[in-house]
Structure formats: structure tokens, C-alpha cells
Amino acid sequence: MENQKIKIRKLELSDTLELAKLANNKNIWNNLRDYIPYPYSESDAETFINFTQTQDPQQSFGIECNNELCGVISLILQNDVYRKSAEIGYWIGQPYWGNGIATKAVKLITQYGLKKLNLTRIYAGVFENNIASMRTLEKNGYSKEGVFRKAIIKNGKTLDEHRYFILSENQE
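What comes next concerns the included structure. (Residues numbered from 1 in each chain as written. Predicted model: local features only at pLDDT ≥ 70, side-chain atom pairs only at ≥ 80, totals over all residues. Heavy atoms only, no water.)

### Side note on the state of the cysteines
Item 1. Considering all chains together, one arrives at zero disulfides under this definition.
Item 2. Its sulfur unpaired, Cys 65 is 5.4 Å from the next cysteine sulfur, which belongs to Cys 70.
Item 3. Taking relative accessible area as the criterion, Cys 65 reaches 2% and is therefore assigned buried. (Disulfide = S-S within 2.5 Å. Buried < 20%, exposed > 50% of the residue type's maximum accessible area, 1.4 Å probe, protein only.)

### What to know about the nonpolar core
Item 1. Residues Ile 73, Leu 75, Ile 88 and Leu 137 are the most contacted members of the largest nonpolar core, which totals 42 residues.
Item 2. The dominant element in this core, judged by the number of residues it contributes, is helix H4 (residues 101-116), at seven residues.
Item 3. The residues touching Leu 75, leaving out its near neighbours within four places in the chain, are Gln 59, Ala 86, Glu 87, Ile 88, Ile 109, Tyr 112, Gly 113, Leu 117, Leu 119 and Ile 122. (Core = buried A, V, L, I, M, F, W, Y, C linked by side-chain atoms within 4.5 Å. Helix = DSSP H or I, 4+ residues; strand = E, 2+ residues; numbered from the N terminus. Contact = heavy atoms within 4.5 Å.)

### So, the layout of surface pockets
Item 1. Put simply, the largest pocket is a space of about 1200 Å³.
Item 2. Taken together, 50 residues make up the lining of the largest pocket; nearest its centre are Leu 32, Val 72, Gly 89, Tyr 90 and Trp 91.
Item 3. Listing elements by their share of the lining of the largest pocket, those giving two or more residues are helix H1 (16-23), helix H2 (26-29), helix H3 (42-52), strand S3 (68-77), strand S4 (85-92), H4, strand S5 (121-127) and helix H5 (131-139).
Item 4. When its residues are assigned to classes, the lining of the largest pocket shows 29 nonpolar, 16 polar and five charged.
Item 5. Roughly 220 Å³ of internal volume is contained in the second largest pocket.
Item 6. What lines the second largest pocket is a set of eleven residues, and nearest its centre among them are Thr 110, Gln 111, Leu 114, Lys 115 and Glu 169.
Item 7. Counting residues per element, the ones that place at least two in the lining of the second largest pocket are H4 and strand S7 (157-167).
Item 8. Examining the composition of the lining of the second largest pocket, we find that five residues originate from one element, H4, more than from any other.
Item 9. Grouping the constituent residues of the lining of the second largest pocket by class yields three nonpolar, four polar and four charged. (1 Å grid on protein atoms, 1.4 Å probe; cavity = no way out; pocket = protein on both sides within 12 Å on 5 of 7 lines; lining within 4 Å. Points joined across faces, edges and corners; volume = space filled by probe spheres on them. Nonpolar A, V, L, I, M, F, W, Y, C, P; charged D, E, K, R; others polar.)

Written as C-alpha cells, this is what we have:
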């Protein structure tokens, strides 16, 4: 996948079938929050896409590589005293793993969040067994803030959460 063209873009209803196909994968779901359904149906994809189209400002995007939808990335804006912070979340469809797509997508949405949304801080919580995601964040300048011991319950197992963050330049 050399010379790959990676971008993040608004999801469209025409993405429904591909989104459902990619997201309906237990290997992906194993590293996602439980509110994301599994199995993941076309109806789930359509509901999510419709939700993203109401966002203002835009917070959820499709990840595209060489004009093919290959994943989703979002900034979950916080509120109240955390209103200048967002949590980043993302996944890449399994056929696209290992090609550096997540690294580029995280770079793009981090720039968007810090520059366009004027956030001061973006953070991520990563399940202990998701080493690839930890590396993706580190390649983009995120620092490990700590490990929340046995903070997650997923698939009946209690796991550590590794917490990463990045600050805007004027906050460093």
C-alpha cells in the first residue's frame, strides 16, 4: 500500500453497506466500547451515519484509503469543565490492518481537533492488549499518562486501560 492516499471525510448513507461489513467483526469489537453493537448490521451503520450527519461541529469521520472506506475515527467532545477536551476513538477494518492507515488518520483528526476545534487536550483510553493502537498514538506524539488498573470489563475479563494524551502547542 505504498503511496496510499488516506483522508478522513464525512460519512454518507452510501457507506452503509461497507461500514456494516467492516464493523461486523469480533476482532474489531474486542477493542471497542460495548455500546457499539456486535453483530453490527446495516441498520446499525445507517443509524450511526445519520447520527454523524447531525453533528455540529463534525466529530465522526470515515477513514478512506485510496478511495475506499476502511474505518471510522471520532472525537468525542467533552462538556462542563472538560469542554476544551475530547476523547479520540477509531478503528480500522481488518483487511486494512498493518498498513499505517490508523497512524495517518489519527494525525489528521488530531490536527483537526487542536487547530479547527481549538481543543487544548485530546486523550485516548486503550485496552491493555491493543498494542497496535498504543503505537499509533505514540507515533503521533501522544504520551502515556498512566495505566488505570483493572478499569475495563470486556468479554467477561477485567483489563487495564492505558491512557494517552496530547496537548495543543500553547498548553505544553
